[in-house]
Amino acid sequence: MSVSKGFLKKIQSWAVDKKSDSIAFLPFQGDGNPYKSKVFLVGAKPELHFHLDAGDIEIYADSLVDSKLFHDVFHDEMSREYKGSINFAKWVEEHLNASVTLSSVNCFISDPDNLKQLKKSKHPLYIQGFEVFQQVLNEFEPNILVLQGASAYKLFLEQFQHQLVELREQDINETVANLERKDVIAKLQLNNGGIVDVLVCRSMGYFGKEGNSFGQIKSTLTQLLH
C-alpha cells in the first residue's frame, strides 16, 4: 500500500535528518494502517544499518506500512530479532485479530559502536531518536507496549520511567524472563491522557517461527485483547 500525502509528510518529519538530508530514523514498521494497531513491539534500537537520502522517502514511507516491500528493500539486513518480530506479529494477527507495529526506544539508525559514542557525547541525533519514538507513540496511541529484551527495558526505564505509573520498585532490576511472567508491569500515560499497558519479554530473537516458549506473553495478550 502507498501512504497518503499527509502521512508521508508526517513520516518525513520523523525519519529525515535535515542537516544531512538523509533518512536517519526508523520510526515504525508494520503492515497496514498503524493508527489501527493496538500493539507496539519495541526493541532498543533499529536492527537495520542503511544509508538512504531524503529523495528515497516515498518508497521508504511505503515500506514502513508494507512488510513485504520492507523485506524486498532491505532483504540483506534482516536480523534474527526482526524475523522473530515478524513471526510474533503474524501470531497476534492470526490468533488475536490485532495488528502489531514495530518500533524502537531510540529510533536513530546507527551501528552499535557508533551509537555508544553518540550516547556518551549526548549527540543531538541520539537524543532525537527518543523524541521520535515518543512522537510516534503519541500519534498512533496503541493500547499495549511490549518491550522485547533486556536492553530495550533498561533504555526505556532510563528515558521514560518518570512517565510510568504502577511500576513496582522490585521490578526495576528484575530480569526480562521473570518480568515476562508478571503480565502488565506498568502503565504509560500518553499526551491525550490515554493509558498504555506495558509488558516485557525476552528478545524476539528467541521467538523462532511459532514462539513455543513465549506462552506467557501470548496468554497475557489474549487476556488484554479480548
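To keep things clear, this report deals only with the structure shown in the data block. (Residues numbered from 1 in each chain as written. Predicted model: local features only at pLDDT ≥ 70, side-chain atom pairs only at ≥ 80, totals over all residues. Heavy atoms only, no water.)

Scanning the protein chain for helices and strands turns up nine helices and nine strands. Relative to the 2.2 N^0.38 estimate, which gives 17 Å for 226 residues, the radius of gyration of the protein chain is 17 Å and therefore close to what a compact globule would have. The buried share of the protein chain, taken over its 226 residues, is 52%. Put simply, 69% of the contacts in the protein chain that link residues at least 6 apart link residues at least 24 apart. Placing the 24 positive and 29 negative side-chain charges of the protein chain at their respective mean positions leaves the two points 3 Å apart. (Helix = DSSP H or I, 4+ residues; strand = E, 2+ residues; numbered from the N terminus. Rg over C-alpha atoms; globule rule 2.2 N^0.38 Å. Buried < 20%, exposed > 50% of the residue type's maximum accessible area, 1.4 Å probe, protein only. Contact = heavy atoms within 4.5 Å. Lys, Arg positive; Asp, Glu negative; His and termini not counted. Charge placed at Lys NZ, Arg CZ, Asp CG, Glu CD.)

This next bit is on the sheet that holds strand S8 (residues 186–189). Strand order across the open sheet formed by six strands is S5-S3-S6-S9-S8-S7, with mixed pairing between neighbours. Looking at the sheet topology across the chains shown, the edges are occupied by strand S5 (100–104) and strand S7 (164–165). As judged from the five bridges shared by strand S3 (residues 39–43) and S5, these two strands associate in the parallel manner. Residue pairing in the sheet places Val42 in a bridge with Ser103 of S5. (Pairing = 2+ DSSP bridges.)

We now examine the sheet that holds strand S4 (residues 52–53). Strand order in this open sheet of three strands is S1-S2-S4, and the pairing throughout is antiparallel. With one partner strand each, in any of the chains shown, strand S1 (16–17) and S4 form the two edges of the open sheet. Here S1 runs beside strand S2 (residues 22–23); their pairing, made up of two bridges, is antiparallel. Note that in S2 the partner of Asp17 across the bridge is Ser22.

The next subject is the packing of helix H1 (residues 5–15) against helix H6 (residues 124–140). The axes of two packed helices give the description: the angle between them and the distance between them. Viewed as axis vectors pointing N to C, H1 and H6 meet at an angle of 155 degrees, and their least axial separation amounts to 10 Å. On the basis of the axis angle, H1 is roughly antiparallel to H6. Judged by residue contacts, Phe7, Lys10 and Trp14 of H1 engage Val132, Gln135, Val136, Glu139 and Phe140 from H6. A per-class count over the contact of H1 with H6 returns five nonpolar, one polar and two charged. (Axes fitted to C-alpha atoms, helices over the stretch in contact; angles between N-to-C directions. Parallel < 35°, antiparallel > 145°, perpendicular 65-115°, else oblique. Nonpolar A, V, L, I, M, F, W, Y, C, P; charged D, E, K, R; others polar.)

The space that makes up the largest pocket amounts to roughly 300 Å³. Around the largest pocket, the lining residues are Ala44, Lys45, Asn106, Pro112, Leu115, Lys116, Lys119, Tyr126, Ser151, Lys154, Leu155 and Glu158. Counted by class, the lining of the largest pocket contains five nonpolar, two polar and five charged residues. Here the second largest pocket is characterised by a volume of approximately 220 Å³. In terms of lining residues, the second largest pocket is bounded by 15 residues, among which Phe50, His51, Phe108, Ile109 and Ser110 are the most central. Classifying every residue of the lining of the second largest pocket by side-chain character gives seven nonpolar, six polar and two charged. (1 Å grid on protein atoms, 1.4 Å probe; cavity = no way out; pocket = protein on both sides within 12 Å on 5 of 7 lines; lining within 4 Å. Points joined across faces, edges and corners; volume = space filled by probe spheres on them.)

In this section: the side chain of Asp171. Residue placement: Asp171 occurs in the loop between S7 and helix H8 (176–179). A distance of 2.8 Å separates a polar atom in the side chain of Asp171 from a polar atom in the side chain of Arg168. Other than its neighbours up to four places away in sequence, Asp171 contacts Tyr153, Leu179, Lys182 and Ile185. (Polar contact = N/O pair within 3.5 Å; in protein donor to acceptor, adjacent residues only side chain to side chain.)

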